Amino acid sequence: LERTLVAGGALLLRAGQAEFEPSFNYTYRKDDVPAAVVGGDAIGGPGEDLFIGSRDVERDEFTPSATLRIGLPFDAQVELGLPYNIVRQVTQPADNEDTGHGVGDLSIGFAKTLAREAGWRPDIVGRVVYDSGIGNKSDNNVVLDGGFSDIIAQIVALKRQDPLAFVATASYNYYFEDDNDKPGNQVSLSLGALMATSPETTIRVQLQQNFRNDTEIDGRVVNGSDQNEGILLLGASSILGRGILLDVSAGAGLTDDAPEYFVQVALPIRFNLPFVR
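Residues numbered from 1 in each chain as written. Predicted model: local features only at pLDDT ≥ 70, side-chain atom pairs only at ≥ 80, totals over all residues. Heavy atoms only, no water.

*Asks:* Is there a simple way to explain the layout of surface pockets in this structure?
*Replies:* Over the atoms, a rolling probe the size of a water molecule traces out where space has been left empty. One number sums up the size of the second largest pocket: a volume of about 220 Å³. Lining the second largest pocket are 18 residues; nearest its centre among them are Leu12, Leu13, Arg14, Asp75 and Arg116. Partitioned by chemical class, the residues of the lining of the second largest pocket number 10 nonpolar, two polar and six charged. (1 Å grid on protein atoms, 1.4 Å probe; cavity = no way out; pocket = protein on both sides within 12 Å on 5 of 7 lines; lining within 4 Å. Points joined across faces, edges and corners; volume = space filled by probe spheres on them. Nonpolar A, V, L, I, M, F, W, Y, C, P; charged D, E, K, R; others polar.)

*Asks:* I would appreciate a short explanation of unusual backbone geometry in the present structure.
*Replies:* A negative phi angle is the norm for most residues apart from glycine, just as the trans form is the norm for most peptide bonds. Here aspartate 162 and proline 163 are connected by a cis peptide whose omega angle stands at 10°. Position of proline 163 among the secondary structure elements: in the loop between β9 (150-161) and β10 (164-175). Despite not being glycine, phenylalanine 74 has its phi angle at roughly 65°, a positive value. Take phenylalanine 74: it is sitting in the loop between β2 (50-72) and β3 (76-92). Of note, asparagine 140 is a non-glycine position whose phi angle comes to about 55°, a positive value. For asparagine 140, the location among the structural elements is in the loop between β7 (138-139) and β8 (142-143). Classification of asparagine 140 by relative accessible area gives partly exposed; the value is 44%. (Helix = DSSP H or I, 4+ residues; strand = E, 2+ residues; numbered from the N terminus. Buried < 20%, exposed > 50% of the residue type's maximum accessible area, 1.4 Å probe, protein only.)

Here you go:
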């Protein structure tokens, strides 16, 4: 249970400990994607707004990634992450099939335990993450999940009632403008419950809700580009050996903007840093 909570960000590593986590995620999406056209008088005056049409897009998204967590003194932790994005996309009605790939955004995070569980009060972890925006925005006419810098502020609350643990998370993503394009800022809320079925194995269920504002292009709001994603996730994790945890999860979208489903496999490997006693 403790290993699973650390991998999920609800607990932090002790000073001198580290975890390297390779993972692989597959996501299937089928969406009506907005297509922006300059002009029209949908809101303001002619030639000043963006009229939104749509097209059907199916996407198979493959995302291998690597994450490194390092425990610091004073109940703190530094986190580094780097994904690689591979996307196969089919666009209708033209039935165009394209594949794009590229490095994702390098992320750098800092987390700190703000309060310890006592009585009714839960453990509280605060986290700030900066996504560098160095990744590829697109490749071969396929949009990739990269290329925009953003800052994430997050609060995680953990309450344990052995063998159960309850986790609530709230976060806010602020995106920076790049080349006159600015993705909509996002608010995310999640609530999860974990149960240790044995000393080595934990199962969990989580409900997540993401609200994203409209995208802006050249300072103008792209109406209809906001998103409301509801996701249900089920997962299980088990210790394979000394310092090695296997985590498998799968989820399904509950709203039109959410992915149809996704599957993720992660292998957090914990070790002690050689220069820390």
